[in-house]
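Chains, contacts and geometry: an overview
One letter stands for each residue in the lines below.
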Amino acid sequence: MDSAEGWRSILENWPAAIPKKGIVVTTYQESIPFQNFLMSSSVVMFERDKPDSLGARKVMLSYSAICAIKLTDPVELARYQVMGFQPST
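Quick notes on the rules
Residues numbered from 1 in each chain as written. Predicted model: local features only at pLDDT ≥ 70, side-chain atom pairs only at ≥ 80, totals over all residues. Heavy atoms only, no water. Helix = DSSP H or I, 4+ residues; strand = E, 2+ residues; numbered from the N terminus. Buried < 20%, exposed > 50% of the residue type's maximum accessible area, 1.4 Å probe, protein only. Polar contact = N/O pair within 3.5 Å; in protein donor to acceptor, adjacent residues only side chain to side chain. Contact = heavy atoms within 4.5 Å. Core = buried A, V, L, I, M, F, W, Y, C linked by side-chain atoms within 4.5 Å. Pairing = 2+ DSSP bridges. Axes fitted to C-alpha atoms, helices over the stretch in contact; angles between N-to-C directions.

Considering the side chain of Arg48
With respect to the helices, strands and loops of the structure, Arg48 is situated in the loop between strand E4 (43-47) and strand E5 (58-62). Residue classification places Arg48 among the buried residues on the basis of a relative accessible area of 9%. At a separation of 3.5 Å, a polar atom in the side chain of Arg48 contacts the side chain of Asp52. Residue contacts for Arg48: discarding those within four places in its chain leaves Glu30, Ile32, Pro33, Phe34, Gln35, Ala56 and Arg57.

Overview of the nonpolar core
By size, the foremost hydrophobic cluster in this structure holds 20 residues, and its most contacted members are Leu11, Val24, Val44, Phe46, Leu61 and Ile66. Elements with a minimum of two residues in this core: helix H1 (3-12), strand E2 (31-34), E4, E5 and strand E6 (66-71). No other element matches the three residues that H1 contributes to this core. Setting aside chain neighbours within four positions, we find Leu11 in contact with Phe37, Met39, Val44, Phe46, Tyr63, Ile66 and Ile69.

Description of the sheet that holds strand E1 (residues 22-26)
Taken together, the three strands give an open sheet; going across it, the order is E2-E1-E6, and neighbouring strands pair in antiparallel fashion. Strands at the two margins of the open sheet, each flanked by one partner only, are E2 and E6. Between one strand and the next, the sheet's axes are offset by a mean angle of 25 degrees, whatever the strand orientation. Pairing between E1 and E2: four bridges, direction antiparallel. Pairing of Gly22 across the sheet is with Phe34, part of E2.

What follows is the structure in structure tokens.
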């Protein structure tokens, strides 16, 4: 599985109990805070809570342009197991 498929799978299976909020880091070296997102087969649309310096409140990215997603809510680590993450042994 390549990284684009991995990001798509994580976003597609985002549990309702975890807020859709954080910071997406792109391969363009940009950090984009988001409060929600919508998905298509090849692109994800992130919604900002405040406009960027050009006034944009939404940004569309290909899954391959995602480098990292930072999560800002203080949710217990164990709650992310429903997304496929497991503790190390």
